[in-house]
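Here is how the chains run, residue by residue.
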Amino acid sequence: MKKLKLDIVGLSYSQTQSGAYALVLGEVNGRRRLPIIIGGFEAQAIAIEIEKMTPSRPLTHDLFKSLAETYNVTIQEVIIYNLVDGIFYAKLMCSDGKKVSEIDARTSDAIALAVRFDCPIYTYEFILATAGIVIEGNEFVFLENIEPQPEEKTPPAALSYSSLSEDELKVKLKEALADEAYERAAKIRDELSKRRSS
């Protein structure tokens, strides 16, 4: 299966989940984006390394890197290899110079390590096709060819996405993308995908 390279293109605080963040990965030489919801600790670990800040004491991911380097282990690449029920699965491809080993990891931890080891992040076409967003001009559209819908009044916030019709979900999706609320958009995408698979 052909691997597609990704870069980190954004990290923003979640508007709806306390302590959660939306990490947005972008397809290299492409227009697709992959939003992933991660925890605050992992978001901090990624942001600190991207900004080249030095904490007073090593974070867990820094400790892992020091341990790996002490024993001549490097991470060659990170692969986001599966998506099941809205959960992304990743693995680290590690080498000690003699053999390559796969290590299962949470996607957020894998990316926090990828930025420390300066290694590439990859995924597969079926994941981008299922969970990706493509940039259309200044708008985002989910890849499942969701047709733009006329604007509607927003239903009360108390209503969950499961109680909305598919057309209402498409409108909500368009609004979330216009507001750059990727984490809310990801939840709506997951609800639409769940309905299509059932």
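Now for a quick tour of the structure. Because the structure is a prediction, the values reported are computed rather than measured. (Residues numbered from 1 in each chain as written. Predicted model: local features only at pLDDT ≥ 70, side-chain atom pairs only at ≥ 80, totals over all residues. Heavy atoms only, no water.)

To continue, consider the packing of aromatic side chains. This structure, assessed with the given rule, holds two aromatic pairs. Taking the centre distance of 6.4 Å and the plane angle of 55 degrees together, the rings of Tyr81 and Tyr89 count as tilted. Overall, Tyr89 belongs to the partly exposed group, its relative accessible area being 31%. When the ring of Tyr124 is compared with that of Phe126, the centres are 6.4 Å apart and the planes differ by 10 degrees; the resulting orientation is stacked. (Phe/Tyr/Trp six-rings, centres within 6.5 Å; stacked < 30°, edge-to-face > 60°. Buried < 20%, exposed > 50% of the residue type's maximum accessible area, 1.4 Å probe, protein only.)

Moving on: the pairing of strand β2 (residues 20-27). The buried count for β2 comes to seven of eight residues, which makes it a mostly enclosed element. Note that strand β1 (residues 3-13) and β2 share seven bridges and pair antiparallel. Along β2, the bridge assignment pairs Ser12 with Ala22. Pairing geometry for β2 and strand β3 (residues 32-39), over seven bridges, is antiparallel. For Tyr21, the partnering residue across the bridge sits in β3 and is Ile38. Counting the residues between successive antiparallel strands, the hairpin from β2 to β3 contains four residues, one of them, Asn29, with a positive phi of roughly 60 degrees. (Helix = DSSP H or I, 4+ residues; strand = E, 2+ residues; numbered from the N terminus. Pairing = 2+ DSSP bridges.)

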